[in-house]
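Residue-level structure breakdown
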Amino acid sequence: MLQGPFGVIGLGLIGGSIARALKKLNPTATLLAFETDPQRRALAQGIGIQAHEAIGLEVSQCQTIFLCLPVGVLESGLEALKAHIFRGALLIDVCGVKVYAAELIGKILPGIAYVGTHPMAGGKEQGFEHSRADLFKGFPVAVCPSNTARQVLTESVIEFWKSLEAKPLLLEATEHDQQVAFTSHLPYISALALVGLLEPETTSLAGRGLLAAARQASFAPGIMADTVCRNPYLADAVKKLMDELQRLYDILRAEPGALKQMAFARQRHMEAVTKNLQ
């Protein structure tokens, strides 16, 4: 079991939902939050969370700290945390790229017990105002322990996510980044490319297909673009997508009728690889 007092640094969608879940699971435990946005702090204080503007001396009392900052400000947040963190604390982050996060934390906070996690429950709507305690229910959560975290701490992190009815998966940081390069980051890059081809005069017949394909391009660039550009495996994933598009191009140029057979094969493949998501 994770030990309090608890700290949550960053009260966006994920951090806010973790804070709400912690408060629900441990109503008598001390819960401190750290958030620069005054509106988010006010909302958190309205439900009984002690919310502070800056990471300061208060964080030193926290036994378990959830680091929920956008990856673009992760380094500055860690530098602020460095001066005050209790050396026996457990640090858990929720960053969308685990190799980068693990290397940065290891450099700035060497020796701190650290377990990387990534709940796959984010979305277009951001901010504490959209957070909820049951956000993670049914969603996978990568758990990527470092060599500074004892097995019992990793098990406690896994049990925490299970208590929220999430589906924790134990992975190496490299495995995580390799997988999300295809399952999360490549769809975002594809949406950016598609939107780049659109003009107002070409969208008069746009329907749900376009909206579904392009939806990810509307995700906050300060979060998503900052994250995907730090995935060392994304460039190779983009190259593989380019190869697939070239194959489709060649079919359409040389033998258009063959597209139907390929589409049926891809449909069956899609059903096979996504059946566990139903």
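Residues numbered from 1 in each chain as written. Predicted model: local features only at pLDDT ≥ 70, side-chain atom pairs only at ≥ 80, totals over all residues. Heavy atoms only, no water.

**Quick notes on the overall build of the protein chain**
The secondary structure content of the protein chain amounts to 10 helices and 8 strands. Rg of the C-alpha trace for the protein chain: 21 Å, near the compact-globule value of 19 Å for 278 residues, within the 12% margin. The contacts in the protein chain between residues at least 6 apart in sequence include a share of 71% that link residues at least 24 apart. Entry remark: accessible area of the protein chain is about 15200 Å², with carbon and sulfur atoms responsible for 56%. In the protein chain, 26 positive and 26 negative side-chain charges are present, and the distance between their average locations comes to 5 Å. (Helix = DSSP H or I, 4+ residues; strand = E, 2+ residues; numbered from the N terminus. Rg over C-alpha atoms; globule rule 2.2 N^0.38 Å. Contact = heavy atoms within 4.5 Å. Areas by Shrake-Rupley, 256 points an atom, 1.4 Å probe, with all protein chains shown as cover. Lys, Arg positive; Asp, Glu negative; His and termini not counted. Charge placed at Lys NZ, Arg CZ, Asp CG, Glu CD.)

**Observations regarding the environment of K162**
Within the element layout of this structure, K162 appears in helix α5 (residues 151–163). Using a relative accessible area of 45% as the deciding quantity, one classes K162 as partly exposed. Between the alpha carbons of K162 and P70 there is a distance of 24 Å; along the sequence they are 92 residues apart. (Buried < 20%, exposed > 50% of the residue type's maximum accessible area, 1.4 Å probe, protein only.)

**As for the nonpolar core**
Judged by nonpolar contacts, the single largest core of 36 residues is most densely connected at V8, I18, F66, F136 and W161. For this core, the secondary-structure elements that each account for two or more residues are β1 (6–9), α1 (13–25), β2 (31–34), β5 (90–93), β6 (113–119), β7 (140–145) and α5. By residue number, the principal contributor to this core is α1, which donates 6 residues. Residues contacting F66, with those up to four places away along its chain left out, are L2, G7, V8, I9, I18, L22, I92 and F160. Counting 25 residues, the second largest nonpolar core, distinct from the first, contains A89, L104, L109 and I112. (Core = buried A, V, L, I, M, F, W, Y, C linked by side-chain atoms within 4.5 Å.)

**Comments concerning the packing of helix α9 (residues 234–254) against helix α10 (residues 258–274)**
It is at 9 Å that the axes of α9 and α10 come closest, and there the two elements cross at 145 degrees. Between α9, through E244, R247, L248, I251 and L252, and α10, the contact on the second element is made entirely by A258, L259, M262 and R266. When grouped by side-chain class, the residues that make up the contact of α9 with α10 number 6 nonpolar, no polar and 3 charged. (Axes fitted to C-alpha atoms, helices over the stretch in contact; angles between N-to-C directions. Nonpolar A, V, L, I, M, F, W, Y, C, P; charged D, E, K, R; others polar.)

**Describing the sheet that holds β6**
Spatially, β3-β2-β1-β4-β5-β6-β7-β8 is the arrangement adopted by the 8 strands of the open sheet, whose pairing is mixed. Of all the strands in the sheet, just β3 (50–52) and β8 (167–170) have a single pairing partner and so form its edges. Geometrically, the sheet is characterised by an average inter-axis angle of 20 degrees between neighbouring strands, direction not taken into account. Where β5 meets β6, 4 bridges bridge the pair, whose relative direction is parallel. Its bridge partner being in β6, L91 is matched across the sheet by Y114. (Pairing = 2+ DSSP bridges.)

**Here's the deal with helix α2 (residues 38–46)**
With a side-chain oxygen positioned 2.9 Å from the backbone nitrogen of Q39, the residue opening α2 is D37. With its phi angle positive at about 90 degrees, G48 sits one or two positions after the end of α2. (Polar contact = N/O pair within 3.5 Å; in protein donor to acceptor, adjacent residues only side chain to side chain.)

**Observations concerning the pattern of salt bridges**
Under the criterion given, the structure shown has 9 salt bridges. When the shortest N-O distance is used, the salt bridge between E35 and R40 registers 4.0 Å. When its relative accessible area of 24% is taken as the criterion, R40 is described as partly exposed. Each of E244, R247 and R266 takes part in salt bridges that share partners, so that together they form one network. (Salt bridge = Lys/Arg side-chain N within 4 Å of Asp/Glu carboxyl O.)

**With respect to the packing of aromatic side chains**
Here the structure, examined in full by the defined rule, presents 3 aromatic pairs. Judged by centre distance (5.2 Å) and plane angle (45 degrees), the rings of F66 and F160 are tilted. Placement of the pair is F66 in strand β4 (residues 64–67) and F160 in helix α5, with a sequence separation of 94 residues. Note on accessibility: F66 and F160 belong to one class, buried. Between F136 and W161, the ring centres sit 5.1 Å apart and the planes meet at 80 degrees, which makes this aromatic pair edge-to-face. Taken together, the residues span a long stretch of sequence, with F136 in the loop between β6 and β7 and W161 in helix α5 at a distance of 25 residues. Residue F136 shares its accessibility class with W161, and that shared class is buried. Three or more aromatic residues link up through ring pairs in this structure, and these residues are F66, F136, F160 and W161. Lying across the ring of Y100, R230 places its NZ or CZ 5.1 Å from the centre. (Phe/Tyr/Trp six-rings, centres within 6.5 Å; stacked < 30°, edge-to-face > 60°. Lys NZ or Arg CZ within 6 Å of the ring centre and 35° of its normal.)

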